Amino acid sequence: MSQDMGGLGRHYLQEDSYGASAFCFYRAILENNLNGNAWNGLVLAMSLMRKEYDAQTVLARFALQQQLPYDKDMVTFALMMFQNSPQALAQWVRAMSVRFGASPEERQTFVKMAEDLDNAYNGLLAEHGEETLKSQGMLSLEEFANRRIELDWLLTESVDSIFALAQLWLEDPEMVLSGVRLLCMLPDPRSERMLRRVCRNEQVDGKVRTHALLALRWLGVRGNVRIHKMDESFVINLDDPKPELTVSVPASYKPALDRMKLWLAKEQGVVTQEEYEQHASTDEPELPAALAEKLENADIPGVLQEVVHAVIRAAYDQYYPLVPHNRGARSWSNAFVMLIKDYAEGIGQGWPYGEPEKDDTAVLHRNWMLSASPDFYSQIAEARKLRTAPTGS
C-alpha cells in the first residue's frame, strides 16, 4: 500500500524535519502535479531551510501549472522570493489573476500589480540592458522554472548514483556544503551516516560541520549526535539542541539587535536620549510595546540589518557549540553598530549618525564575529567597486 507522501510531509514539517518534508512533498507532486497542498508544503519547507534558489524555482513551476487552484499563502512567498525580480513577479501575479479561487478584488489587484511591475522592469531594461539584468538574477518566470534543483535528480538518477555524487561532494572542500544540503533531503540511513561523519571530521570547515548537524535534524534524526570543534568533542541532543541550532539568526541575539535599532532611532530623533538610556542596558527579550512601535517608524535600512545577520551567522556556525552567552545587550548592540558603520562608509553610502559607543567589551564582541568573516572588509571593497562602476547596456 502506497504511503500518503503529502501527509507524511506535513508530519515532518510539524517535527521541524524540513529536509525529509521537502522530499515527501516533492514525491507527492511527482505522483500528482495538481496536489496544491504538496506545492504549498514544498515551498514552505524550502523557505524554512533558507533554500531561496529552490523556493523560487518551485514557485515558478507552481505558477505555470495553470490548473492548480489559487493559494493565498503562495502569494506571500512569491512577494518575498521574487522581490528583486520584477519581470518574474509580474508574470507570477498575472498567472494568479486567472486562477480558480481568487476573488474579483484579488484578480484586479494582481492585474494592476503586474502592470506596475512591468513598467518597473522596462525601466531597468532601458537603463541597464537585458544581459546585465540577467547577470543579476532577474530571470523570466519560465527561466526560473527551468532551473534544476537537487530533488530533480530523483527523476533521472538512481538513489545509489545520487549517494555516490554526494560522497564526491563531501570530499571536495568547494562542494562539501552542497553535499550536506543535499543529504538533508534524502531520508535514508546512508544520509545519516554520512552527515554524522562530517560532524566529526575536523578537516571540514567548522561552519559546514554545524550545517551537517542542522542537516541531521532536518533529516529527522533525533537523540545525541557528536560534533568535533577546536580539538574538542561535544554531544548535542537534537531533540532539544543547546545552544539553539538554527539556520536563522539565533533568538538570543534579538535583544541586542533591538537595541541596535534603538540606538539608530535615537540618532534619528525618533526616540529620546532618555528613552534610549532607560532601555539600552537591559537584557529584556521584548521592548515595551510603545517603544517597539516607535522603532517601526525609524529608518533602519534592511541591507544594514542583513550585514549584521550575516556576520552573526558566520561566527555562530563557525564556533557552535562554543558560542558566547548574549548577556550585556548594550555591548553587543554597540558591536553591531560598529560593523554597519564600517560597511556603510566602506561602500560609499555614508554614515549620517554619530560615533558608536566603543566600550572594550563591544570591541571584543566585534572582533569575535569578524574572526569568522576574515573577508568582511575585502567584500566591502568589492561592493564599493560594483556600486561606483559605470552602468550601461
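Because the structure is a prediction, the values reported are computed rather than measured.

Asker: Which parts of the structure should I look at to understand the side chain of Asn334?
Answerer: Within the secondary structure, Asn334 sits in helix H19 (residues 329-346). With sequence-adjacent residues up to four places away left out, Asn334 is seen in contact with Tyr276, Pro356, Glu357, Asp359 and Ala362.

Asker: It is not clear to me how the side chain of Lys266 should be interpreted in this structure. Could you clarify?
Answerer: Structurally, Lys266 is set in helix H15 (residues 254-267). Residue classification places Lys266 among the buried positions, given a relative accessible area of 15%. Apart from the residues within four sequence positions on either side, Lys266 is in contact with Val271, Thr272, Gln273 and Tyr276.

Asker: What am I meant to see in the packing of aromatic side chains here?
Answerer: Any pair of aromatic rings gets described here by the distance separating the centres and the angle formed by the planes. In this structure the tally under the stated criterion is 15 aromatic pairs. Where Phe376 meets Tyr377, the ring centres are 4.9 Å apart and the plane angle is 85 degrees; that geometry is what we call edge-to-face. Judged by its relative accessible area of 6%, Phe376 falls in the buried class. Of the residues examined, Tyr377 reaches a relative accessible area of 42% and is grouped as partly exposed. What links up through ring pairs into an aromatic cluster is the set Tyr253, Tyr316, Tyr319, Tyr320, Trp332, Phe336 and Trp368. The positively charged end of Lys266 is found above the aromatic ring belonging to Tyr276, 4.9 Å away from the centroid.

Asker: What should I look at first to understand the layout of surface pockets in this one?
Answerer: A probe as big as a water molecule, rolled over the atoms, marks out the empty space that is left. For the largest pocket, the calculated volume is near 760 Å³. Lining the largest pocket are 19 residues, with Arg50, Glu306, His309, Ala310 and Arg313 positioned closest to its centre. Secondary structure elements with two or more residues in the lining of the largest pocket: helix H12 (176-183), helix H14 (206-219) and helix H18 (302-319). It is H18 that provides the largest number of residues to the lining of the largest pocket, a total of seven residues. Considering only residue class, the lining of the largest pocket consists of nine nonpolar, three polar and seven charged. The space that makes up the second largest pocket amounts to roughly 330 Å³. In the lining of the second largest pocket, the residues fall into three nonpolar, seven polar and two charged.

Asker: Help me understand helix H7 (residues 104-128) in this model?
Answerer: Three or four residues apart is the spacing at which side chains of an α-helix point the same way, because the helix has 3.6 residues per turn. The end-to-end C-alpha separation of H7 is 36 Å, in line with the 36 Å expected for 25 residues at 1.5 Å each. Among the residues making up H7, those that are buried are Glu106, Phe110, Ala114, Leu117, Tyr121 and His128. Considering only its buried residues, H7 is in contact with helix H5 (72-81), helix H6 (86-96) and helix H8 (130-135).

Definitions and limits used
Residues numbered from 1 in each chain as written. Predicted model: local features only at pLDDT ≥ 70, side-chain atom pairs only at ≥ 80, totals over all residues. Heavy atoms only, no water. Helix = DSSP H or I, 4+ residues; strand = E, 2+ residues; numbered from the N terminus. Contact = heavy atoms within 4.5 Å. Buried < 20%, exposed > 50% of the residue type's maximum accessible area, 1.4 Å probe, protein only. Phe/Tyr/Trp six-rings, centres within 6.5 Å; stacked < 30°, edge-to-face > 60°. Lys NZ or Arg CZ within 6 Å of the ring centre and 35° of its normal. 1 Å grid on protein atoms, 1.4 Å probe; cavity = no way out; pocket = protein on both sides within 12 Å on 5 of 7 lines; lining within 4 Å. Points joined across faces, edges and corners; volume = space filled by probe spheres on them. Nonpolar A, V, L, I, M, F, W, Y, C, P; charged D, E, K, R; others polar. Expected span 1.5 Å × (residues − 1).

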